[in-house]
Amino acid sequence: MSKLNIYYSLPPLGEGSGRGLGLGHELLSSLIGSPDRLFVLTDETTRRLCWPLVAQLPCLAEAQHITIPPTDENKTLQTLASVWTALQQGGATRHSLLICLGGGMVSDLGGFAASTFKRGIACINIPTTLLSMVDASVGGKTGINFGGLKNEVGTFCQPRAVIIDTQFLRTQDTANMLSGYAEMLKHGLISNEEHWAELLRFEPESPDLGLLSEMISRSVAVKERIVLEDPTEQGIRRALNLGHTAGHAFESFALAKGQPVLHGYAVAWGLVCELYLSVRKCGFPQDKMRQTLQFVRSRYGAMAFGCKDYDRLLNLMQHDKKNTAGIINFTLLGGIGDIRIDQTATPEEIRDMLDFYADCFA
Ligand code: GLY
């Protein structure tokens, strides 16, 4: 694999099609090629808000629609089966193509449906959220939640292409923008100081969309480089898990309490925790940890938990699928861009990390 076929649609995909075919249409049309049947998968939200922005494109005129219920709690076997059924009833063959138009839930589930239907049909991701532009739609991880665990069943299967069109971000609220921005912050931390500093200067709540588009391409380039080196996460791709060991525990904890939080919020809090561990265990500079903490605290608020919840959080970290043989696995940093995968921490060190978080975010 030499590239991940990530394209940026500028001008926007739908633009120009009223007065003749626009560049976006040419791009999409050439990537679609000539499948025997074309399907567009959306969830109810992206069908309503995002499909109208591309509905007039001639290359999508013949597409059959599959619409699934939105949000992560519907990323289930039942929804997956409904997509297989729709593909089957729509006459899909191995020469058919599925376009996933939506956030991470749509590309995760749609990518899984495509990678398994008739042992695999092609798919193209058109991400519509910041989170899916910079993370979920890129890199070929697909899957569904199963048995109470997130992304428990899935495949590694690269989409034929990913088309990033930032016009869809106009449909995003601030909370979802911030959620995606946390993954960009992670990419900055694992790349270099200049990239990280640019991210801390930016205001994701009131974004300049032109500058954000450039920052998205820099962010995706970080992920692309890593995925090309290690597509199936045997080693360096674990760098992308920075912030996610603590982050997933926060996310599951909040869900279990009936107060779910957006993925990126949990990752932002997880980044702070894991930078603290990085300071303690790998010599990450204190001042850079503090600057990142300040950025996160002022935008993402805090996760509410007390000492009585530490055992539960530890337990959730122990059950993270990134672990081997019960040892809690972290990706840490010796400095910005100095990635240390396969780091462990003792329960005492993790409690100390949670104390630090609770003190800083009190
Ligand atoms: N979201 C992390 C990865 O794609 O590996």
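Here the structure is a predicted model, which is why all the values come from computation and not from measurement.

About the cut-offs
- Residues numbered from 1 in each chain as written.
- Predicted model: local features only at pLDDT ≥ 70, side-chain atom pairs only at ≥ 80, totals over all residues.
- Heavy atoms only, no water.
- Helix = DSSP H or I, 4+ residues; strand = E, 2+ residues; numbered from the N terminus.
- Core = buried A, V, L, I, M, F, W, Y, C linked by side-chain atoms within 4.5 Å.
- Buried < 20%, exposed > 50% of the residue type's maximum accessible area, 1.4 Å probe, protein only.
- Salt bridge = Lys/Arg side-chain N within 4 Å of Asp/Glu carboxyl O.
- Axes fitted to C-alpha atoms, helices over the stretch in contact; angles between N-to-C directions.
- Parallel < 35°, antiparallel > 145°, perpendicular 65-115°, else oblique.
- Left-handed = near helix turned anticlockwise from the far one by under 90°.
- Contact = heavy atoms within 4.5 Å.
- Nonpolar A, V, L, I, M, F, W, Y, C, P; charged D, E, K, R; others polar.

Participant: Can you break down the environment of Gly 103 residue by residue, with the values?
Facilitator: By the secondary structure assignment, Gly 103 is in the loop between β4 (97–102) and α4 (104–116). When the C-alpha atoms of Gly 103 and Asp 43 are compared, they prove to be 8.8 Å apart, with 60 residues separating the residues in sequence.

Participant: Outline the nonpolar core, listing residues and values.
Facilitator: Formed by 97 residues in total, the largest nonpolar core has its most connected members in Leu 60, Ile 216, Phe 250, Tyr 300 and Met 317. The leading source of residues in this core is helix α10 (residues 263–282), at 13 residues.

Participant: Mind laying out the pattern of salt bridges, listing which residues take part and the relevant values?
Facilitator: In a structure, side chains of opposite charge can pair up when their charged atoms sit close to one another. Going through the model one piece at a time under the given rule, you end up with 17 salt bridges. Of the charged contacts in the structure, one is a salt bridge between Glu 349 and Lys 281, with a shortest N-O distance of 3.1 Å. Linking Glu 349 in helix α13 (residues 347–360) with Lys 281 in helix α10, this pair joins segments that are 68 residues apart in sequence. Since its relative accessible area comes to 16%, Glu 349 is described here as buried.

Participant: I'd like a rundown of the packing of helix α6 (residues 174–191) against helix α7 (residues 193–201), residues and numbers included.
Facilitator: The axes of two packed helices give the description: the angle between them and the distance between them. Two elements in contact, α6 and α7, have axes separated by 7 Å at closest approach and are oriented at 150 degrees. Put simply, α6 runs roughly antiparallel to α7. Relative to α7, the crossing made by α6 is left-handed. Residues Tyr 181, Met 184, Leu 185, His 187, Gly 188, Leu 189 and Ser 191 of α6 pack against His 195, Trp 196, Leu 199 and Leu 200 of α7. Grouping the amino acids of the contact of α6 with α7 by side-chain chemistry returns seven nonpolar, four polar and no charged.

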